[in-house]
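Fold and contact review
Spelled out, the chains give:
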Amino acid sequence: MTTVLISGLGLIGSSIARIMKKSDVQPTILGDDPNDDTGQFLLGQGIIDERVTLLKAASRADIIVLAGPVSVIIKQLAQLTTVELKQNVLVTDVGSTKMQVMATAKRLQKRQIAFMGGHPMAGSHKTGGRAGREDLFDHATYFIVDGSQTPAQTAQFKACLKPAQLRWVNVSAEAHDGLVSEISHVPHVLAANLVNTADHQLKHDAVGLSAAAGGFKSATRIAGADPTMWTAIMLSNSEAISDQLTTYMAQLKEIQSAIEAHDADKIYQFFEHAKTVRERLDQEGETQ
Ligand SMILES: NC(=O)C1=CN([C@@H]2O[C@H](COP(=O)(O)OP(=O)(O)OC[C@H]3O[C@@H](n4cnc5c(N)ncnc54)[C@H](O)[C@@H]3O)[C@@H](O)[C@H]2O)C=CC1
Ligand SMILES: O=C(O)C(=O)Cc1ccc(O)cc1
């Protein structure tokens, strides 16, 4: 019988619990979250089997999944070095950044505790355990950053998440943080900036933002995500995000110059390139 302890039972942690409950592994799931509403709801639904606190229950777990904000994951990695754990336990996380996490996890690895970095590339702007879904990760990419885990431990973790039919991708922490800053972190900054700028510019306009059509809404959906989680991500991947914002601003200036100069060819190519790439993304999604 496998016992999985999940700390942080929000959107991602509770979705992991839901998926694992559907797997052939049928693990016992211990859940840790300071939010009583979340804990009681998931217990009542049978999505977790017991409410616990991480440090008190850690010694019972075969797998520990850290699924709070990145700042919390980093604190917990340090705390886990102070308690007794099963000799064969696998500690893993779901945080959106990996360099700081892997650096802190070295402290666990020094104590012969296996750690594997993880990051599901699926989710939403919603938050909390009630928003979790058993199909949230279906066919998504799940990054793995190898730490000190054994192949058997990786296989056991993958077996627990088998119902989601994930695409497992191994990556270094550095490559991961560069890539996700491009495809996830910077887009979040831009979406929030679009909303804030429009709100500021239109604050004296009687119709204003209420006239926004689907384009504005779909381009800014992720601006509705949790500010605590995104502050932790920005602080934990600040260098890559800042570098890419510099590139982004330079490219924005280029298209601004083309618009000012009425350079129709350049403007057309700008949109044509984006359309081709964006359509390819949808086609790849359909074939997965
Ligand atoms: N939201 C998304 O789409 C995705 C988020 N992630 C990562 O997953 C992690 C969790 O994100 P979400 O589930 O979206 O956030 P969430 O806000 O839905 O859930 C976070 C949960 O952690 C709990 N928590 C806070 N402090 C805690 C502590 N000290 N001990 C135990 N639990 C604590 C909160 O009460 C909450 O239930 C973050 O590290 C995030 O970067 C990864 C992939 C996608
Ligand atoms: O809301 C969305 O579509 C997202 O892009 C969710 C998301 C948020 C954070 C991640 O680290 C990965 C995925």
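The model shown is predicted, which means the values in this text are computed figures rather than measured ones. (Residues numbered from 1 in each chain as written. Chains lettered and ligands numbered in written order. Predicted model: local features only at pLDDT ≥ 70, side-chain atom pairs only at ≥ 80, totals over all residues. Heavy atoms only, no water.)

Non-glycine residue H139 carries a positive phi angle of around 65°. Looking at where H139 falls in the secondary structure, it is placed in the loop between β6 (114–120) and β7 (141–145). Notably, Q165 is not glycine yet its phi reads approximately 50°, a positive angle. Examined against the element boundaries, Q165 turns out to sit in the loop between α6 (151–160) and β8 (167–170). (Helix = DSSP H or I, 4+ residues; strand = E, 2+ residues; numbered from the N terminus.)

Looking now at the pairing of strand β5 (residues 90–93). A two-sided burial pattern is seen for β5, the buried positions comprising L90 and T92 on one face and V91 and D93 on the other. One ladder, built from four bridges, connects strand β4 (residues 63–66) with β5; its direction is parallel. Among the inter-strand pairings, I64 is bridged to a residue of β5, identified as V91. For the segment spanning β4, helix α4 (residues 70–79) and β5, crossover handedness is right-handed. Sheet analysis places β5 next to β6, joined by three bridges and oriented parallel. Residue V91 lies in a different strand from β6, and its bridge partner there is F115. In this fold, the crossover linking β5 to β6 by way of helix α5 (residues 99–110) has right-handed handedness. (Buried < 20%, exposed > 50% of the residue type's maximum accessible area, 1.4 Å probe, protein only. Pairing = 2+ DSSP bridges. Right-handed = clockwise from strand over helix to strand, strands pointing away.)

Examined at the domain level, the protein chain breaks down into domain 1 (3–171) and domain 2 (175–287). A separation of 30 Å is found between the C-alpha centroids of domain 1 and domain 2. At the interface, 14 residues of domain 1 touch 17 residues of domain 2. Buried area between domain 1 and domain 2, summed over both chains or domains, comes out near 1300 Å², and the portion from carbon and sulfur atoms is 69%. For the interface between domain 1 and domain 2, the tally reads zero salt bridges. Our count for the domain 1 to domain 2 interface comes out at seven residue pairs in polar contact (both at pLDDT 80 or more). Those elements that provide at least two residues to the side of domain 1 that touches domain 2 are α4 and α5. Grouping the constituent residues of the side of domain 1 that touches domain 2 by class yields five nonpolar, eight polar and one charged. (Domains from an automatic or database assignment. Contact = heavy atoms within 4.5 Å. Buried area = accessible area lost by both parts, 1.4 Å probe. Salt bridge = Lys/Arg side-chain N within 4 Å of Asp/Glu carboxyl O. Polar contact = N/O pair within 3.5 Å; in protein donor to acceptor, adjacent residues only side chain to side chain. Nonpolar A, V, L, I, M, F, W, Y, C, P; charged D, E, K, R; others polar.)

Take the sheet that holds β5 next. The strand order across the open sheet built from eight strands is β3-β2-β1-β4-β5-β6-β7-β8, with neighbouring strands paired in mixed fashion. Two strands lie at the open edges of the sheet, namely β3 (50–51) and β8, each paired on one side alone. As defined by bridge partners, β6 adjoins β7 across four bridges and the pair is classed as antiparallel. Bridge assignment links G118 to a residue of β7, and that residue is I144. In the packing of α4 onto the sheet, contacts are made with β1 (3–7), β2 (28–32), β4, β5 and β6, and the angle to β4 comes to roughly 145°. (Axes fitted to C-alpha atoms, helices over the stretch in contact; angles between N-to-C directions.)

Now for the pattern of salt bridges. In this structure the tally under the stated criterion is eleven salt bridges. Linking K86 and D62 is a salt bridge whose minimum nitrogen-to-oxygen distance equals 3.0 Å. Of the two residues, K86 sits in the loop between α4 and β5 while D62 sits in the loop between α3 (54–57) and β4, which places them 24 residues apart along the sequence. With a relative accessible area of 33%, K86 lands in the partly exposed category. Of the charged contacts, one joins K98 and D93 as a salt bridge, the two residues approaching to 2.8 Å between their closest N and O atoms. Like K98, the residue D93 is buried in the burial classification.

On to the site of ligand 2. In the neighbourhood of ligand 2, the contacting residues comprise S96, H119, G123, S124, H125, R221, I222, M229 and W230. Taking S96, its side chain carries an N or O atom lying 2.6 Å from an oxygen atom of ligand 2. Note that an oxygen atom of ligand 2 is positioned 2.6 Å from one of the side-chain N or O atoms of H119. For the shell around ligand 2, the residue count by class is three nonpolar, five polar and one charged. Residue-level mapping places the shell around ligand 2 at the junction of two domains, with at least three residues from each of domain 1 (3–171) and domain 2 (175–287). (Near = heavy atom within 4 Å.)

Mapping V94 onto the fold places it in the loop between β5 and α5. For V94, a relative accessible area of 8% gives the class buried. When the C-alpha positions of V94 and M229 are compared, they lie 12 Å apart, and in sequence the two are 135 residues distant. Ignoring anything within four residues of it in the chain, the contact list for V94 reads I12, I16, V65, L66, A67, I73, G118, H119, P120 and Y142.

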